Amino acid sequence: MKLALFLLASASLVACSTVVPTTYTPTANNFFPERAEGCSFRVFTTNPDVRFKEIGMVDMDRNVFAEPSMKTVAGAKKVVAPFVCKAGGDAVLLWEANGHGEYIKAVIIKTEQ
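Residues numbered from 1 in each chain as written. Predicted model: local features only at pLDDT ≥ 70, side-chain atom pairs only at ≥ 80, totals over all residues. Heavy atoms only, no water.

A. Focus on the nonpolar core. Among the nonpolar cores identified, the biggest contains 16 residues, and M60, V80, V92, A106 and I108 are the most heavily contacted of them. Of all the secondary-structure elements, those providing two or more residues to this core are β3 (52–59), α2 (73–87), β4 (91–96) and β5 (103–111). The contacts of I108, once residues within four sequence positions are left out, are Y24, K53, E54, I55, G56, V58, F83, V84, A87, G89, A91 and V92. F44, M57, A91 and I109 belong to the second largest nonpolar core, which has six residues in total. (Core = buried A, V, L, I, M, F, W, Y, C linked by side-chain atoms within 4.5 Å. Buried < 20%, exposed > 50% of the residue type's maximum accessible area, 1.4 Å probe, protein only. Helix = DSSP H or I, 4+ residues; strand = E, 2+ residues; numbered from the N terminus. Contact = heavy atoms within 4.5 Å.)

This is how it looks when you write it as structure tokens:
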């Protein structure tokens, strides 16, 4: 019994220590002025019907205990917001990419008016 509890506790520690943090990577040579913190932006879950320039990719935290939930557009939008504003974007392309209903990637874009 003690061995089973020890193994369960050890497995939990390993699972929690393998959290991948949210990161931003520029993906193009498109640079735009930083926008104010809390800036507004649009979220697209399909290819938008507007022309745009790609700025970068946000790989979101894959911690199952993370808040907000990555299973909602609103939760994913909260996570990517600081990256979008800092990169000068005005929209993101968001998609579910892990098979568990969680949004884990977002492409920051600048739409053309």
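B. Focus on the side chain of D59. Following the sequence through the fold, D59 ends up in strand β3. Judged by relative accessible area, D59 falls into the buried class, the value being 18%. A polar atom in the side chain of D59 sits 2.5 Å from the side chain of K105. What D59 contacts, discounting residues up to four positions off in sequence, is P21, T22, T23, I104 and K105. (Polar contact = N/O pair within 3.5 Å; in protein donor to acceptor, adjacent residues only side chain to side chain.)

C. Fine view of the pairing of β3. For strand β1 (residues 23–26) and β3, the ladder comprises four bridges, and the chain directions are antiparallel. Across the sheet, residue P26 finds its bridge partner in β3, namely G56. Here seven bridges tie β3 to β5, and the two strands are oriented antiparallel to one another. Within β5, the position partnered with D59 by the bridge is K105. (Pairing = 2+ DSSP bridges.)

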